[in-house]
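The primary structure of each chain is shown beneath.
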Amino acid sequence: MSSRATGTARPAVRPARSPDGTWETAAGRPHPRLRPGVIGYRGFRLAFPGPRARLEAPIGAVTLMLAFQGAVRITEATGGWVGVGRHGGVRPSGLRTSELPCVLSALSTTPVLGEHDGHLGGVEVLLTPWAAFNLLGTPLHELSNRRVHPDELGALPRAAVAELSNSLGELTSWRARFRHLDETLTRWLDSGPRCATGTVRAWYALTHSGGAVPVGLLADQVGWSVRHLENRFREQIGLSPKAAARVLRLQRARRLLCAGSTQAETAAACGYYDQAHLSGEFKAMTGCTPREFALARGLRTDPEGPPATDRLAGEATSLVLRRDHRPGSAHFSKTGGNH
């Protein structure tokens, strides 16, 4: 990989204004030298009069969020208390919560709630898990189901991510920001450890099948024992092959349901035993039922607000929520807002 990555394509920028606030989003493709490990960039500037929240389901990618304005509070969201359906609950005590300006979200099998005060600006970088290992040089199983500030890991130069985030905020265009990301990530990836070729091959075999390839067959395809494959996945992907397959299978199921497939059709297409199996996995990994998720995705109670933006293009990864304004309420209601 060259020490420089130039020639960033012009990003697709969408500014907008409504009575509910203003926002701007920008989508960019990384330099070809960074692909396919670096999947994409998504810039955002949000200015709303009140708090915003988004339920994030597990996806088959690692997210690096670099905020140059504001911070995000991230709370584990298992158990259905967020209230995507009509039966939300009070926020339980003792939930693991982090409030950070820069967040690394590794592979996870559980949902999280992301909240901010209405003003937030930054860039999300989407990475394949193996590229995240290359970038950080940290065994990814130590980060699974966690959200941390990357500078806490000690893998990169001191305060490197915070300095990158600040420098992005000082630039005046999304194209310049994405070009700066290209150059910085190229330099960091050049100095990181190499991921095993077999891990990359196995990861793509698993993703292309939607999590349907049996672990034994996956090991045979790359010429490894099952034990060796499992060890490599824990280190360089963050989850075991079986757990990673669960994430990818449910990612495909969400996409099919939101495209109009029935639960029975979705369960059969994605390799679940039956609808009950699909529903159980959905509840455990998304915090709501398949029907609640699909209905919430299709509902726009705020037509003046910005469209929901998923982390992965073409995938149903998020539900945008809005805090109920009743005093003392911990319920949330569905809306079409962004981030």
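Calculation rules
Residues numbered from 1 in each chain as written. Predicted model: local features only at pLDDT ≥ 70, side-chain atom pairs only at ≥ 80, totals over all residues. Heavy atoms only, no water. Helix = DSSP H or I, 4+ residues; strand = E, 2+ residues; numbered from the N terminus. Buried < 20%, exposed > 50% of the residue type's maximum accessible area, 1.4 Å probe, protein only. Contact = heavy atoms within 4.5 Å. Areas by Shrake-Rupley, 256 points an atom, 1.4 Å probe, with all protein chains shown as cover. Phe/Tyr/Trp six-rings, centres within 6.5 Å; stacked < 30°, edge-to-face > 60°. Salt bridge = Lys/Arg side-chain N within 4 Å of Asp/Glu carboxyl O. pLDDT = per-residue confidence, 0-100. Expected span 1.5 Å × (residues − 1). Arc of directions from axis to C-beta. Polar contact = N/O pair within 3.5 Å; in protein donor to acceptor, adjacent residues only side chain to side chain.

Undergrad: Before we move on, could you go through the overall build of the protein and cite the residues and values that matter?
TA: Scanning the protein from N- to C-terminus turns up 10 helices and 13 strands. Counting every position in the protein, which comprises 339 residues, the buried fraction comes to 53%. Pairs at least 24 apart in sequence give 74% of the contacts found in the protein among residues at least 6 apart. Approximately 14600 Å² of the protein is accessible, and the part contributed by carbon and sulfur atoms is 50%.

Undergrad: Go over the packing of aromatic side chains with me, naming the residues and quoting the values.
TA: Inspection of the entire model under this criterion finds 6 aromatic pairs. Ring geometry for tyrosine 41 and phenylalanine 178: centres 5.4 Å apart, planes at 40°, overall tilted. In this pair, tyrosine 41 is assigned in strand 3 (residues 38-47) and phenylalanine 178 in helix 3 (residues 174-191), connecting sequence segments 137 residues apart. Owing to a relative accessible area of 3%, tyrosine 41 belongs among the buried residues under this scheme. According to the relative accessible area criterion, phenylalanine 178 is buried, its value standing at 0%. Considering the side-chain rings of phenylalanine 68 and tryptophan 174, the 6.3 Å spacing of their centres and the 40° angle between planes classify their relative orientation as tilted. Residue phenylalanine 68 is found in strand 5 (residues 62-69), and its partner tryptophan 174 is found in helix 3; the two are separated by 106 residues along the sequence.

Undergrad: An account of the pattern of salt bridges is needed here, citing residue identities and associated values.
TA: Evaluation of the coordinates by the stated rule reveals 9 salt bridges. A salt bridge links glutamate 115 to arginine 73; its shortest N-O distance comes to 3.3 Å. On the criterion of sequence distance, the pair formed by glutamate 115 in strand 9 (residues 112-116) and arginine 73 in strand 6 (residues 72-76) is long-range, its members being 42 residues apart. For glutamate 115, a relative accessible area of 3% puts it in the buried group. A salt bridge links arginine 246 to glutamate 281, with the shortest nitrogen-to-oxygen separation between them at 2.8 Å.

Undergrad: Summarise unusual backbone geometry; cite the residues concerned and give the values.
TA: Cis geometry is adopted by the peptide bond preceding proline 36, which originates at arginine 35 and carries an omega value of 5°. For proline 36, the position within the fold is in the loop between strand 2 (21-28) and strand 3. Positive phi is not limited to glycine here, since asparagine 145 has a value of about 60°. Mapped onto the elements, asparagine 145 comes out in the loop between helix 1 (129-136) and strand 11 (147-148). Backbone geometry places alanine 159, a non-glycine residue, at a positive phi of 60°. Residue position: alanine 159 is located in the loop between strand 11 and helix 2 (160-170).

Undergrad: Go over the environment of alanine 196 with me, naming the residues and quoting the values.
TA: Summarising the element assignment, alanine 196 is placed in the loop between helix 3 and helix 4 (197-208). A relative accessible area of 17% means that alanine 196 is categorised as buried. In this structure, the C-alpha to C-alpha distance between alanine 196 and tryptophan 130, residues 66 residues apart in sequence, is 8.7 Å. Beyond its immediate stretch of four places on either side in the chain, alanine 196 contacts Trp224, Arg232 and Gln236.

Undergrad: Let's hear about the confidence of the model for the protein: which residues, and what values?
TA: Across the protein, the average pLDDT comes to 87, with 87% of residues at 70 or higher. Within the protein, the lowest mean pLDDT, 34, falls on strand 13 (residues 332-334), and the highest, 98, falls on helix 6 (residues 226-236). Confidence drops under pLDDT 50 across residues 1-6; counting only partners more than four residues distant or on other chains, this segment forms 22 contacts. In the model, residues 324-339 has pLDDT below 50 throughout and makes 63 contacts with residues more than four positions away in sequence or in other chains.

Undergrad: If you had to explain helix 9 (residues 275-286) to someone new, which residues and values would you point to?
TA: The terminal C-alpha atoms of helix 9 lie 16 Å apart, and with 12 residues this matches the ideal 16 Å at 1.5 Å per residue to within 8%. Among the residues of helix 9, those classed as buried are Leu278, Glu281, Phe282, Met285 and Thr286. Burial along helix 9 is one-sided: seen end-on, the buried residues are contained in an arc of 105°. Buried residues in helix 9 make contact with strand 4 (52-56), helix 7 (241-258), helix 8 (263-270) and helix 10 (290-298). Regarding helix 9, its N-cap is aspartate 274, as a side-chain oxygen of that residue lies 3.2 Å from the backbone nitrogen of alanine 276 further along. Within two residues after helix 9, glycine 287 carries a phi angle of roughly 85°, on the positive side.

Undergrad: Explain the environment of arginine 249 to me, and be specific about the residues and the numbers.
TA: For arginine 249, the position within the fold is in helix 7. Each C-alpha atom, one on arginine 249 and one on glutamate 281, is 9.8 Å from the other, the two residues being 32 residues apart in sequence. What arginine 249 contacts, discounting residues up to four positions off in sequence, is Gly210, Gly211, Cys270 and Tyr272. Among the polar contacts listed, one links the side chain of arginine 249 to the backbone oxygen of glycine 211, at a separation of 3.3 Å.

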